[in-house]
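So the chains spell out like this:
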Amino acid sequence: MRNEEKIRKQKNFLLWNHHKIWLGLLGLVAIIVLIKAFGASFSTIVGTYLGYRVLRLVMRLFGLLVSLVFTLVSIFIFMVIISLIII
């Protein structure tokens, strides 16, 4: 009984993996059709993709810098509080 349930879960998992592959292929075909419909060139597509990646990288860097500033400010505030408690 337990083995049958395990086998059934594995089959469902494999079916789901194939489902994801088919959805990915369908999405890729949809993107290719849209590219052909709007007449975009290969260099335009590559430039757009690289621009998107650079924008994501810049936004991640900005997030890290903001996080660093908040961390430094909170450390300074804790140091002030501790020094006021000690005095």
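In case you missed it, the structure is sitting above this.
Residues numbered from 1 in each chain as written. Predicted model: local features only at pLDDT ≥ 70, side-chain atom pairs only at ≥ 80, totals over all residues. Heavy atoms only, no water.

Student: How would you sum up the overall build of the protein? Please name residues and give values.
Tutor: Scanning the protein from terminus to terminus reveals two helices and zero strands. Here the protein, with 87 residues, has 0% of them falling under the buried criterion. In the structure as shown, the protein presents an accessible area of about 8,600 Å², 77% of it carried by carbon and sulfur atoms. (Helix = DSSP H or I, 4+ residues; strand = E, 2+ residues; numbered from the N terminus. Buried < 20%, exposed > 50% of the residue type's maximum accessible area, 1.4 Å probe, protein only. Areas by Shrake-Rupley, 256 points an atom, 1.4 Å probe, with all protein chains shown as cover.)

Student: Lay out a nonpolar patch on the surface in plain terms, naming residues and giving numbers.
Tutor: A surface patch of nonpolar side chains, amounting to about 1,100 Å² of accessible area, comprises Val 69, Val 73, Phe 76, Ile 77, Phe 78, Val 80, Ile 81, Ile 82, Leu 84, Ile 85 and Ile 86. Counting through the fold element by element, Ile 85 comes out in helix H2 (residues 42-86). (Patch = residues over 30% accessible without salt bridge, like charges linked within 9 Å, V, L, I, M, F, W, Y side chains within 5 Å. Salt bridge = Lys/Arg side-chain N within 4 Å of Asp/Glu carboxyl O.)

Student: Hey, could you go over the environment of Ile 35 for me, with residue numbers and the actual values?
Tutor: The residue Ile 35 is located in helix H1 (residues 2-38) in this model. If sequence neighbours within four positions are ignored, Ile 35 has contacts with Ala 40 and Ile 45. (Contact = heavy atoms within 4.5 Å.)

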